[in-house]
Amino acid sequence: MGARRLSDSLWLIETGSPYDCHVYLADGGTEAALIDCGTGLATGDLLAAVEETGCLDRLDRVLLTHYHADHAGGAASVRARRGVRVLASAETAAVLGAGDEERSQVAAARDAGVYPPGYRYSPCPVDEVLEDGATNRIGRLSVTAHASPGHCDGHLCFLIDDGERRTLCTGDAVFHGGRVSIQPIPDCRPHLYARTVRRLAALPVDMLLPGHLDLVLDGGAAHLAAADACFRRLATPPNIAGAEPP
């Protein structure tokens, strides 16, 4: 549990919960934002880690990559405790706003033992719907949303530009080594996944920060290219599914 500095403007926020994805903090100087927020099972620890960075009083929004509980389930508790705005795709807004445990796969994942028996997906309103290409300013940082369906509908990746380096927060789209997360769930769509990876591989990416497993602190474009090369051969890149929660 705690905060790990990745660059002058980015932190990894470690909640200590085995149910949470990697949570990132983007510090733009005058404003700060979380990229994803975990399940909500460790929101107190998450906010304590943000406080370690000195950014808690400047935290004003949460950007969600997608509606799976390990990434978005904590949005309601963070919003209630800190008064932040929640930004997400239209699909995530619909699922999260309704606390939909079927479309979010929470019901199935809970039955499979991925989440504790008493875990519930808390409804949370989304304050701003992000379209593909939408750019937010977080202080001195430019953050652009890139539609990236495949792992699930409405998935977004966020390209953060600090003026010198570009960081892609990929959620569950692409991981270290060009791996992907394809699962037997209704809205996991491999044909869209291939198109998504092709688009992402065209972006200028230095650092690649996925939702799980190893971080890529330099040469992120090579990992995107590896996944794209597999899909272009009509093959499936190595799959992390089964190693992490959906």
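Right above here is the structure, for reference.
Residues numbered from 1 in each chain as written. Predicted model: local features only at pLDDT ≥ 70, side-chain atom pairs only at ≥ 80, totals over all residues. Heavy atoms only, no water.

Caption draft 1: Broad picture of the side chain of D228. Considering the arrangement of structural elements, one finds D228 in helix 7 (residues 220–232). When its relative accessible area of 8% is taken as the criterion, D228 is described as buried. In this structure the side chain of D228 is engaged in a polar contact, spanning 2.8 Å, whose partner is the side chain of R232. Apart from residues no more than four positions distant in its own chain, D228 is found in contact with V197, R198 and A201. (Helix = DSSP H or I, 4+ residues; strand = E, 2+ residues; numbered from the N terminus. Buried < 20%, exposed > 50% of the residue type's maximum accessible area, 1.4 Å probe, protein only. Polar contact = N/O pair within 3.5 Å; in protein donor to acceptor, adjacent residues only side chain to side chain. Contact = heavy atoms within 4.5 Å.)

Caption draft 2: Fine view of the sheet that holds strand 4 (residues 32–35). Spatially, 1-2-3-4-5-6-7 is the arrangement adopted by the seven strands of the open sheet, whose pairing is mixed. If you trace the sheet from one side to the other, it starts and ends with strand 1 (2–5) and strand 7 (128–129), each paired once. Alignment of strand 1 against strand 2 (residues 10–14), held across four bridges, turns out to be antiparallel. Bridged to R5 within strand 2 is W11. (Pairing = 2+ DSSP bridges.)

Caption draft 3: How the structure looks around unusual backbone geometry. The phi angle at D36 is positive, at roughly 70 degrees, despite the residue not being glycine. Phi angles above zero are rare outside glycine, and Q105 is one such case at about 70 degrees. Relative to the elements of secondary structure, Q105 occurs in the loop between helix 4 (90–98) and helix 5 (106–111). For Q105, a relative accessible area of 12% puts it in the buried group.

Caption draft 4: Structural context of the sheet that holds strand 10 (residues 156–161). Sheet architecture is open: five strands sit in the order 8-9-10-11-12, paired in mixed fashion. Two strands lie at the open edges of the sheet, namely strand 8 (135–138) and strand 12 (207–210), each paired on one side alone. Sheet twist, expressed as the average angle between the axes of neighbouring strands with direction ignored, equals 20 degrees. Inspection of the sheet shows strand 10 paired to strand 11 (residues 166–171) by four bridges, in the antiparallel sense. Note that in strand 11 the partner of F158 across the bridge is C169. (Axes fitted to C-alpha atoms, helices over the stretch in contact; angles between N-to-C directions.)

Caption draft 5: Local environment of the packing of aromatic side chains. The full count for this structure, using the stated rule, is two aromatic pairs. Taking 5.9 Å as the distance between ring centres and 35 degrees as the angle between the ring planes, the aromatic pair formed by Y193 and F231 counts as tilted. Placement of Y193 in helix 6 (residues 190–201) and of F231 in helix 7 is noted, with a sequence separation of 38 residues between them. Each member of the pair, Y193 together with F231, is buried. (Phe/Tyr/Trp six-rings, centres within 6.5 Å; stacked < 30°, edge-to-face > 60°.)

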